[in-house]
Amino acid sequence: MKHDLSKKGFATRQIHAGHIEVPGINPLATPIFQTSTFVFENAAQGAARFAKKEKGYIYTRLGNPNQDQVGAKVAALENAEAGIVLSSGMGAISTCFWTILESGDHVVANDTLYGATYSFLTKAFPRYGGEATFTDLTNLENLKSSLRSNTKLVFFETPANPNLNVIDIEAVAETVHAFDKNIKVVVDNTFCTPYIQRPLDLGADVVVHSGTKYLNGHGDVISGMICGKADFIEKCRSFGLSFVTGASLSPFDSFLISRGLKTLDIRMEKHCSNAIAIAEFLEGHEKVNKVYYPGLPDFPGREIVKKQMKLPGAMISFELNASKAKSEAFINSLELCALAVSLGDTETLIQHPASMTHNSYSKQALSEAGITESMIRLSIGLETVDDLIEDLKDGLEKI
Ligand SMILES: *Cc1c(COP(=O)(O)O)cnc(C)c1O
């Protein structure tokens, strides 16, 4: 690269960061390096690469140009020293966790988490001698009383999934590091993307993503990312990925994500402007009981939203003034909003967290996390907003 990209704007970085030079051919679009392995020039070179004395590719589980392009792009956008792409969000989260954690360690996590992350901490981690405390991290007193001498990791999503509670990243990072600067504060930034929120700038140590969602943005790839200090990302690669999870992403899927990332900022602007209009419509409708959306003026964490988020995001949860059967009938009657889990796609998606994404939560855990039986979650897509509102309006009129 001729330019120092670190001084360029977000849109320039999302397009140009991680550019791969192919001398003599000079393609504009990145070729797909669809290869499992890389040929060494001689035995000494192979040995030097394994000994980490020479940079260069060895084998696609350990690294591939298309994967590195995605890692470099996301790192450039998160203002991180380095980034790595993995084969799913859970691949990224588990690779990150297994790189940090040992038997006997303790984790503090927010009480509202993505269902599979919650299951990792409640079902997998205890099998290997670890323990997790779940608490409401919107209250710093809960955090202070949960930290222990063997705490190694503090983990949360903000806004949280699906109640959209926002957590003050700066305040949590300060509190944790004042207690013990070696504890890693890890933020799942899937709901915001670095266009809206950059946790590392606010004092977090590591950012993880489900790249399946907005970063790829087109609903056709499962992937994940970890961003942070270069030495930590190297450990994630050489330990967590290489020895534990093996969660490497295919070159083709990496190519698709690089392609998706080039339009991240304009997609996020439209996702959010659509979501603001829909949240206002839902709030004004007599059959809607409650709307959870960080962009509404009466949203409880509004001051934190203004401090750490550029835009309010495009995830909306809401409850109807209706029985469970009628809520279900409403979801079934929609024609444009697709009934599907996942989020961050061009298509608007609707789902029921208590029975779908958060079905690993017990009834008590659901109520502690503020996930009600009647809560419905929308991921607002990029369609014409009037059409989406009409679809929701028709559905509400039918019940
Ligand atoms: C989807 C999601 C994950 C898991 O990512 P996968 O790509 O499905 O493995 C983790 N965190 C959040 C907030 C998510 O939405």
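Remember, predicted model here, so these are calculated numbers, not experimental data.

(A) Examining the overall build of the chain more closely. Within the chain, the secondary structure is distributed over 15 helices and twelve strands. What you see for the chain is a C-alpha radius of gyration of 21 Å, in line with the 21 Å of a compact globule of 399 residues. Expressed as lengths along the three principal axes of its C-alpha atoms, the size of the chain is roughly 75 × 50 × 35 Å. A burial count over the chain gives 55% of its 399 residues as buried. For the chain, contacts bridging at least 24 residues in sequence account for 72% of all contacts bridging at least 6. Summing over all exposed atoms, the chain offers an accessible surface of approximately 17200 Å²; the carbon and sulfur share of this is 52%. In the chain, which carries 38 positive and 46 negative side-chain charges, the distance between the mean positions of the two groups comes to 6 Å.

(B) Spatial organisation of the nonpolar core. Membership of the largest hydrophobic core comes to 98 residues, with the highest contact counts inside it found for I226, I278, L282, I316, F318, F330 and L378. When residues of this core are assigned to their parent elements, the largest contribution, eight residues, is made by helix 11 (residues 264-283). Ignoring any residue separated from it by four or fewer positions in sequence, one finds I316 in contact with L164, A275, I278, A279, L282, V291, Y292, Y293, I376, R377, L378 and I380. The next biggest cluster of nonpolar side chains, apart from the first, holds 15 residues, and it includes L137, V154, F156 and V187.

(C) Looking closely at the site of the ligand. Among the 14 residues in the neighbourhood of the ligand, the closest are listed as G89, M90, D188, T212 and K213. D188 is positioned with one of its side-chain polar atoms (N or O) 2.7 Å from a nitrogen atom of the ligand. Here S210 contributes a side-chain N or O atom positioned 2.8 Å from an oxygen atom of the ligand. The protein chains hide 93% of the 380 Å² of surface that the ligand would expose on its own.

(D) A look at helix 10 (residues 251-261). In terms of burial, helix 10 is largely enclosed, as eight of its eleven residues are buried. Elements that come into contact with the buried residues of helix 10 comprise helix 1 (10-16), helix 3 (65-78), strand 1 (82-86), strand 7 (224-228) and helix 11.

(E) Spatial organisation of the domain arrangement of the chain. Per the domain assignment, the segments of the chain are domain 1 (10-261) and domain 2 (264-397). Placing a centre on the C-alpha atoms of domain 1 and another on those of domain 2 gives a separation of 27 Å. Counting residues at the interface gives 40 residues for domain 1, matched by 42 residues for domain 2. Summing both sides of the interface, domain 1 and domain 2 together bury roughly 3300 Å²; the carbon and sulfur share of this comes to 60%.

(F) Representation of unusual backbone geometry within the structure. In the segment running from T158 into P159, the intervening peptide bond is cis, with an omega of -10°. The topology assignment puts P159 in the loop between strand 4 (151-157) and helix 7 (169-179). For the bond running from N161 to P162, omega is 5°, close enough to zero to count as cis. A positive phi angle, near 65°, is found at T193, a position not held by glycine. Structurally, the position occupied by T193 is in helix 8 (residues 193-196). Its identity as a non-glycine residue notwithstanding, S342 has a phi of 80°, on the positive side. On the basis of relative accessibility, which here comes to 22%, the residue S342 falls in the partly exposed class.

(G) The pattern of salt bridges, seen in detail. The full count for this structure, using the stated rule, is twelve salt bridges. For the salt bridge of E54 with R49, the shortest nitrogen-to-oxygen distance reads 2.9 Å. On the basis of relative accessible area, R49 is assigned to the buried category, the value being 15%. In this structure, K307 and D168 form a salt bridge, with 2.9 Å as the shortest nitrogen-oxygen distance. Here the residue K307 occupies a position in helix 12 (residues 302-308), and D168 occupies one in the loop between strand 4 and helix 7, the gap between them amounting to 139 residues. On the basis of relative accessible area, K307 is assigned to the partly exposed category, the value being 48%. Linked by salt bridges that have partners in common, D68, E234 and R237 make up one network.

(H) View of the pairing of strand 7. Counted residue by residue, strand 7 has five buried out of five residues, so it is predominantly covered. Residues of strand 7 alternate between two faces, with G224, I226 and G228 on one and M225 and C227 on the opposite face, all of them buried. By the bridge criterion, five bridges tie strand 1 to strand 7 in an arrangement that is antiparallel. Note that in strand 7 the partner of A82 across the bridge is G228. Direction of pairing for strand 6 (residues 206-210) relative to strand 7: antiparallel, over a ladder of four bridges. Its bridge partner being in strand 7, H209 is matched across the sheet by M225.

(I) Broad picture of the sheet that holds strand 5 (residues 184-188). Strand order in the open sheet made by the seven strands is 1-7-6-5-4-2-3, with mixed pairing throughout. For this open sheet the edge positions go to strand 1 and strand 3 (131-135), each flanked by a neighbour on one side alone. If you compare each strand with its neighbour and ignore which way they point, the axes differ by 20° on average.

Cut-offs and rules
- Residues numbered from 1 in each chain as written.
- Predicted model: local features only at pLDDT ≥ 70, side-chain atom pairs only at ≥ 80, totals over all residues.
- Heavy atoms only, no water.
- Helix = DSSP H or I, 4+ residues; strand = E, 2+ residues; numbered from the N terminus.
- Rg over C-alpha atoms; globule rule 2.2 N^0.38 Å.
- Buried < 20%, exposed > 50% of the residue type's maximum accessible area, 1.4 Å probe, protein only.
- Contact = heavy atoms within 4.5 Å.
- Areas by Shrake-Rupley, 256 points an atom, 1.4 Å probe, with all protein chains shown as cover.
- Lys, Arg positive; Asp, Glu negative; His and termini not counted.
- Charge placed at Lys NZ, Arg CZ, Asp CG, Glu CD.
- Core = buried A, V, L, I, M, F, W, Y, C linked by side-chain atoms within 4.5 Å.
- Near = heavy atom within 4 Å.
- Polar contact = N/O pair within 3.5 Å; in protein donor to acceptor, adjacent residues only side chain to side chain.
- Domains from an automatic or database assignment.
- Buried area = accessible area lost by both parts, 1.4 Å probe.
- Salt bridge = Lys/Arg side-chain N within 4 Å of Asp/Glu carboxyl O.
- Pairing = 2+ DSSP bridges.
- Axes fitted to C-alpha atoms, helices over the stretch in contact; angles between N-to-C directions.

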